[in-house]
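# Structure assessment
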Amino acid sequence: MNEQTGEQRSYWIETAPPGIPHPPPTADVTVDVAVVGAGIAGLSTAWEVARSGRSVAVLEAGRIAAGVTGHTTAKLTALHTLIYDRLRRTRDIEAAKLYGRSQTEAVRHAAEIVEELGIDCDWEDTAAFTYAQDTKGVGELKAEAEAARAAGLPAEFVTEAGLPFPVAGAVRVTEQAQFHPRKYLLALADDLIRQGATLYEHTRVVGLKEGEPCRLTTEAGTTVTATDVVVATHYPVFDRALLFTRLSPRRELVLAAPIPAALDPHGMFITPEQGTRSVRTAPYRDGQRLLIVTGEHFTPGTSDVEERFGRLADWATRHFGELAFTNRWATQDNDPTDSVPLVGPLHLGSRHTYVATGFGGWGMSGGIMAGRLLADLIAGRRPPWSDLYDPRRVRSAVREASAFLKHQAQVARHFVGDRLPSVAGGSVDSIAPGDGAVVRLGGRHCAVHRDTDGQLHAVDARCTHLGCLVAFNRAERAWECPCHGSRFDPAGEIVQGPATRPLEKRSLDT
Ligand code: FES
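Below is a summary of the structure that appears in this document. (Residues numbered from 1 in each chain as written. Predicted model: local features only at pLDDT ≥ 70, side-chain atom pairs only at ≥ 80, totals over all residues. Heavy atoms only, no water.)

### Observations regarding unusual backbone geometry
Stated precisely, the cut-off is as follows: Runs of E in the DSSP output that reach at least two residues are strands. Runs of H or I that reach at least four are helices, and both are numbered from the N terminus. For every residue, the accessible area obtained with a 1.4 Å probe (protein chains only) is divided by the maximum for its type, and the residue is called buried under 20%, exposed over 50%, and partly exposed between those limits.
In this chain, Glu 212 is followed by Pro 213 through a cis amide linkage whose omega measures 10°. Within the element layout of this structure, Pro 213 appears in the loop between strand E9 (205–209) and strand E10 (214–218). The omega torsion across Gly 497 and Pro 498 is 25°, close enough to zero to call that bond cis. Structurally, Pro 498 can be placed in the segment after strand E25 (494–496). Backbone geometry at Ala 65 places phi at a positive 55°, although glycine is not the residue there. In this structure Ala 65 comes out as buried when scored by relative accessible area, which is 2%. For Ala 74, which is not glycine, the phi torsion reads 60° and is therefore positive. Residue position: Ala 74 is located in the loop between strand E3 (56–59) and strand E4 (75–76).

### Things to note about helix H4 (residues 93–117)
Every α-helix carries 3.6 residues per turn, so stepping three or four residues along brings you back to the same face. Heads up, the rule is: Working rule for helices: expected span equals 1.5 Å times residues minus one. Polar contact is defined as a pair of N or O atoms within 3.5 Å, subject to the rule that within protein one atom must be able to donate a hydrogen and the other to accept it, and that residues adjacent in sequence are counted only when both atoms are side-chain atoms.
Between its first and last C-alpha, H4 extends 36 Å over 25 residues, near the 36 Å set by a 1.5 Å rise per residue. Two or three places before Glu 94, at the opening of H4, Asp 92 has a side-chain oxygen 3.1 Å from that residue's backbone nitrogen. Following H4 by one or two positions, Gly 118 adopts a phi angle in the positive range, close to 65°.

### What about the sheet that holds strand E21 (residues 456–460)?
Put simply, the rule is: Paired strands, in this sense, are two strands between which DSSP finds at least two bridges. Fitted lines through C-alpha atoms give the axes, limited to the stretch in contact for helices. The angle between two N-to-C directions lies from 0 to 180 degrees.
Read across the sheet, three strands follow the order E19-E20-E21 without closing on themselves; strand pairing throughout is antiparallel. Looking along the sheet, the strands with just one partner apiece sit at the ends: strand E19 (436–441) and E21. Averaged over all pairs of adjacent strands, the angle between their axes in this sheet comes to 35°, without regard to strand direction. Here strand E20 (residues 444–450) runs beside E21; their pairing, made up of five bridges, is antiparallel. Residue Cys 446 lies in a different strand from E21, and its bridge partner there is Asp 460.

### Side note on the packing of H4 against helix H8 (residues 363–378)
Counted only if it meets this: The scheme is simple: roughly parallel for angles under 35 degrees, roughly antiparallel for over 145, roughly perpendicular for 65 to 115, oblique for anything else. Here, two residues are considered to be in contact whenever any of their heavy atoms come within 4.5 Å of each other. Any residue that is not Ala, Val, Leu, Ile, Met, Phe, Trp, Tyr, Cys, Pro, Asp, Glu, Lys or Arg is counted as polar, Gly included; the first ten are nonpolar and the last four charged.
Packing of H4 against H8 leaves a shortest axis separation of 8 Å and a crossing angle of 90°. One finds that H4 runs roughly perpendicular with respect to H8. Contact residues: H4 offers Ser 102, Gln 103, Glu 105, Ala 106, Val 107, His 109 and Ala 110, while H8 offers Ser 365, Gly 366, Ile 368, Met 369 and Arg 372. In terms of residue class, the contact of H4 with H8 is made up of five nonpolar, five polar and two charged.

### Section: the sheet that holds strand E23 (residues 478–480)
Taken in spatial order, the four strands line up as E22-E23-E24-E25 in an open sheet, and their pairing is antiparallel. In this open sheet, the two strands that pair with only one neighbour each are strand E22 (471–473) and E25. The pairing of E22 with E23 spans three bridges and is classified as antiparallel. Residue pairing across strands places Phe 472 opposite Trp 479, the latter belonging to E23.

### Focus: the packing of aromatic side chains
Two measures describe an aromatic ring pair: the distance that separates the ring centres and the angle between the ring planes. Here is the rule we go by: By convention, a stacked pair of Phe, Tyr or Trp rings (six-membered ring in the case of Trp) has centres within 6.5 Å and planes under 30 degrees apart, an edge-to-face pair has planes over 60 apart, and any other such pair is tilted.
Applying the stated rule across the entire model yields eleven aromatic pairs. Ring plane angle 35° and centroid distance 6.1 Å describe the contact between Tyr 99 and Tyr 389, whose orientation is recorded as tilted. Note that Tyr 99 is positioned in helix H4 and Tyr 389 in helix H9 (residues 386–389), a separation of 290 residues in sequence. Taken individually, Tyr 99 and Tyr 389 each receive the classification buried, so the pair is uniform in this respect.

### Observations concerning the environment of Ala 151
Mapped onto the elements of the fold, Ala 151 is located in the loop between helix H5 (138–150) and strand E6 (155–158). Along the chain, Ala 151 and Leu 98 lie 53 residues apart, while their C-alpha atoms are 7.6 Å from each other. When near neighbours in sequence (up to four residues on either side) are disregarded, Ala 151 contacts Tyr 84, Ile 93, Ala 96, Lys 97 and Gly 100.

### Examining the pairing of E10
Two faces make up the sheet, and in a regular strand the side chains alternate between them. A one-sided burial pattern is seen for E10, the buried positions being Cys 214, Leu 216 and Thr 218 and the unburied ones Arg 215 and Thr 217. Hairpin connection, E9 to E10: the antiparallel pair is bridged by four residues.

### Here's the deal with the nonpolar core
The condition that has to hold: Here the nonpolar core consists of buried residues drawn from Ala, Val, Leu, Ile, Met, Phe, Trp, Tyr and Cys, with membership extended through side-chain atoms lying within 4.5 Å.
Tyr 84, Tyr 184, Val 343 and Tyr 389 are the most contacted members of the largest nonpolar core, which totals 84 residues. Of all the elements, H8 adds the most residues to this core, at nine residues. The next biggest cluster of nonpolar side chains, apart from the first, holds 29 residues, and it includes Phe 165, Ala 170, Ile 259 and Ala 475.

Shown next, in the form of structure tokens:
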């Protein structure tokens, strides 16, 4: 518990039922479709596929809906900050229309599922806003409102957003929604079981052999044979199209505090200003609402996270008054270099393998959209937006060059991290209790953590994904890889991929 910023625990995980356990497979499995990853994209895909009558197995390395999806802010909207004007400028209005239609249909589809299955997931219809406080941002908001409207969204430019502070302007899109993502997904998982699908938790997939059929191998050695395989692991654990060159990992911090219902701004808000700030509320006890604020985006492993939590808390109290924060957590997103998610065949030669990734912070509508799109592709249908999201799309040097070069330069820097003085110069003695650092021991980079009892724990500092150096996140007690966002606990066990192997243990005696 941090006294200023609350318990380090996602509110969604804390307030959803634990969910029934889904043990790992004890024998080899054969199904029509295997889905790797049980976040919103994986479970949505499995649900859509099961509805079409195919047999499905879902394989999840941890617990279902408890990874990235369990740490989201759960805004279900087709308004994605300033995407429509960007798409109109970098592609054309047709691309913006396809994006708008596919995302809007995903929001509506989720509402239909909630109704059909009678899911109790704190669903609330509401409006989404992209706002600016600085008048310099008004021009781009007006352009976004116009582009979003041209793309088919019920969008307009407004100067009053309902926030407890003045805005210079905002794009408002009505008919959007917010919900409790884990309650929604646990209900979807229960329905999957009713439909005959099988879910396996604590089942890390470490191998994929493509063919007819495809074969997946789990860490425990069992095999899953499937006609089609979907990789929905957030950052793809199998990356034969080198998608890692087109995705940048980004972490963002979240704080939650109860507020009187009278202070509820009624909506979902985001601004690209001040390193992004996002606001929504959720139902809370005793007639109060839970204020959820998000912001401070940064590359994993590159920042003083405690300091950033403090900055976000200051911002929230400055705008909403004295707050007693109950929970804090962090989201992790993958930003695609051209701003459009990568959903479709896994690589150029793919016939039966698919991927869903790169939702850029909009994984709720994006994950549901991906589920429908992938189920269609597996069934041999091609929705009108399949080319827009196709990971094999021709890359535009112009629209991607800047993001691509920036990300690759950063990866290169972390890969050759031994030239960085801050890494090479550390010593074990200088590591405070609760902290960690990368130090050179016996000519090798070691990631050393000193626990609160003073015990030292050392693991290899080279990430097992592609070899970048990890860095310690003291606030969340994790080793993080800045290159593609893998995360490991202090003992080196995987918290989040794309890495599929833990960091190797090291001795401090060398
Ligand atoms: Fe790719 Fe670490 S996540 S090198």
